[in-house]
Amino acid sequence: MAVERTLSILKPDATRRNLTGAINQRFEDAGLRIVAQRRLRLTREQAQQFYAVHAERAFYDDLCDYMTSGPIVAQVLEGENAVVRNREIMGATNPANADKGTIRKDFGESVEANSAHGSDSPENAAIEVAFFFAQTDIAD
Ligand code: CMP
């Protein structure tokens, strides 16, 4: 299996409740390494651009409102099969459908305030990592 990188975002509900350390512990316990990390507040333009793939969805405007409602933590996770592994650790998009022991089940408040985002493919991971980080920001 290949060592991969994936983009993770700890969402405003996680920063608001001071859960970033607890969530990072899940990644590290699962063998993923946080090789870049920064806390920031997205502008509306950045949120719209990051989630442009969802622009036609009914929830797009609310999602952009939500993602700009407080600080986020953007991070690069590295490890074996990191894209799929991270999605397993996060659990299903809707916390109500997520398995016990996943981040979204244990911490998520709703489908929107679901605590974490993770890239859905290695191709999108490369695009999403580059959205937040320069190569020189990443130290493995
Ligand atoms: P995320 O992995 O960040 O990707 C898009 C986000 O849209 C998703 O997690 C959810 O938080 C959010 N979202 C809000 N409403 C919905 C919905 N009905 N279906 C899917 N995603 C939704």
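Let me begin by describing the structure that accompanies this report. Values in this document were obtained by computation on a predicted structure and should not be read as measured data.

Looking at the site of the ligand
Okay, step 1: Around the ligand, the structure places Lys-11, Tyr-51, His-54, Phe-59, Leu-63, Thr-93, Arg-104, Val-111, Glu-112, Asn-114 and His-117.
Okay, step 2: Between Lys-11 and the ligand, the recorded distance is 2.7 Å, taken from a side-chain N or O atom to an oxygen atom.
Okay, step 3: Asn-114 is positioned such that a nitrogen or oxygen atom in its side chain is 3.3 Å from an oxygen atom of the ligand.
Okay, step 4: Calculation on the ligand without its partners gives an accessible area of 450 Å², and the protein chains cover 77% of this total.
Okay, step 5: Residues that form the shell around the ligand fall into these classes: 4 nonpolar, 4 polar and 3 charged.

Details of unusual backbone geometry
Okay, step 1: Positioned with a positive phi, Asn-18 is a non-glycine residue whose angle comes to about 60°.
Okay, step 2: Structurally, Asn-18 is set in the loop between α1 (12–16) and α2 (20–29).
Okay, step 3: In this structure, Asn-81 takes a positive phi of about 55° despite not being glycine.
Okay, step 4: Inspection of the secondary structure puts Asn-81 in the loop between β3 (72–80) and α5 (82–90).

Description of the pattern of salt bridges
Okay, step 1: Here the structure, examined in full by the defined rule, presents 9 salt bridges.
Okay, step 2: When the shortest N-O distance is used, the salt bridge between Asp-61 and Arg-44 registers 3.9 Å. In this pair, Asp-61 sits in helix α4 (residues 60–67) while Arg-44 sits in helix α3 (residues 44–50), placing the two residues 17 residues apart along the sequence.
Okay, step 3: Residue classification places Asp-61 among the partly exposed positions, given a relative accessible area of 46%.
Okay, step 4: For Arg-44, a relative accessible area of 28% translates into the label partly exposed.

A look at the sheet that holds strand β1 (residues 3–10)
Okay, step 1: Taking strand neighbours across the sheet as the criterion, the 4 strands line up as β2-β3-β1-β4 in an open arrangement whose pairing is antiparallel. Edge positions in the sheet fall to β2 (33–40) and β4 (116–118), since each of these pairs with one other strand and no more. Neighbour-to-neighbour, the strand axes of the sheet open up by a mean angle of 20°, direction not taken into account.

Examining the nonpolar core
Okay, step 1: Core analysis: the biggest nonpolar cluster contains 22 residues, and Met-67, Phe-132 and Phe-133 have the highest contact counts within it.
Okay, step 2: Taken together, the elements giving at least two residues each to this core come down to β1, β2, α3, α4, β3 and α7 (122–132).
Okay, step 3: For this core, the element with the most residues is α4, which contributes 5 residues.
Okay, step 4: Aside from chain neighbours lying at most four places away, what touches Phe-132 is Leu-7, Ile-9, Arg-38, Leu-40, Leu-42, Phe-50, Ile-72 and Ala-74.
Okay, step 5: Membership of the second largest hydrophobic core comes to 14 residues, among which are Ile-23, Phe-27, Leu-32 and Ile-103.

Points about α7
Okay, step 1: What α7 keeps buried is the set Ala-125, Glu-128, Val-129 and Phe-132. All buried residues of α7 project into a common sector of 105° when viewed along the axis, lining one side. In α7, the exposed residues that point more than 90 degrees away from the buried face are Glu-123, Ala-126, Ile-127 and Ala-130.
Okay, step 2: Against β1, β2, α3, β3, α5 and β4 lie the buried residues of α7.

Here is what the cut-offs are and how they apply
- Numbering of residues starts from 1 in each chain and follows the order in which that chain's sequence is written.
- Side-chain atom pairs in this predicted model are given and counted only at pLDDT of 80 or more, local residue features only at pLDDT of at least 70, and totals for whole chains, interfaces and linings cover all residues.
- Note that water and hydrogens are dropped before the side-chain values are worked out from all heavy atoms of the structure.
- Residues are classed as near a molecule or strand on a simple rule: at least one heavy atom within 4 Å of it.
- Under this definition, polar contacts are N or O atom pairs within 3.5 Å; protein pairs additionally need one hydrogen-donor-capable and one acceptor-capable atom, and for neighbouring residues in sequence, both atoms have to be side-chain atoms.
- Accessible areas in this description were obtained via Shrake-Rupley with a 1.4 Å probe; residue shielding takes into account the shown protein chains only.
- Each residue receives one of three labels: charged for Asp, Glu, Lys and Arg, nonpolar for Ala, Val, Leu, Ile, Met, Phe, Trp, Tyr, Cys and Pro, and polar for the others, Gly being one of them.
- Going along the chain from the N terminus, every DSSP run of H or I of four or more residues is numbered as a helix, and every run of E of two or more is numbered as a strand.
- Each salt bridge in this description consists of a side-chain nitrogen of Lys or Arg and a carboxyl oxygen of Asp or Glu lying within 4 Å of one another.
- Partly exposed describes any residue whose relative accessible area lies between the buried limit of under 20% and the exposed limit of over 50%, with all areas from a 1.4 Å probe on protein chains only and scaled to the type maximum.
- Should DSSP find at least two bridges between two strands, the strands are taken to pair.
- Comment: axis = line fitted to C-alpha atoms, over the contacting stretch for helices; angle = value between 0 and 180 degrees taken between N-to-C directions.
- Nonpolar cores were defined as sets of buried Ala, Val, Leu, Ile, Met, Phe, Trp, Tyr and Cys residues, with membership established by side-chain atoms within 4.5 Å.
- We call two residues in contact whenever any of their non-hydrogen atoms come within 4.5 Å of each other.
- In this description, one arc is meant: the one made by directions from the helix axis to the C-beta atoms.

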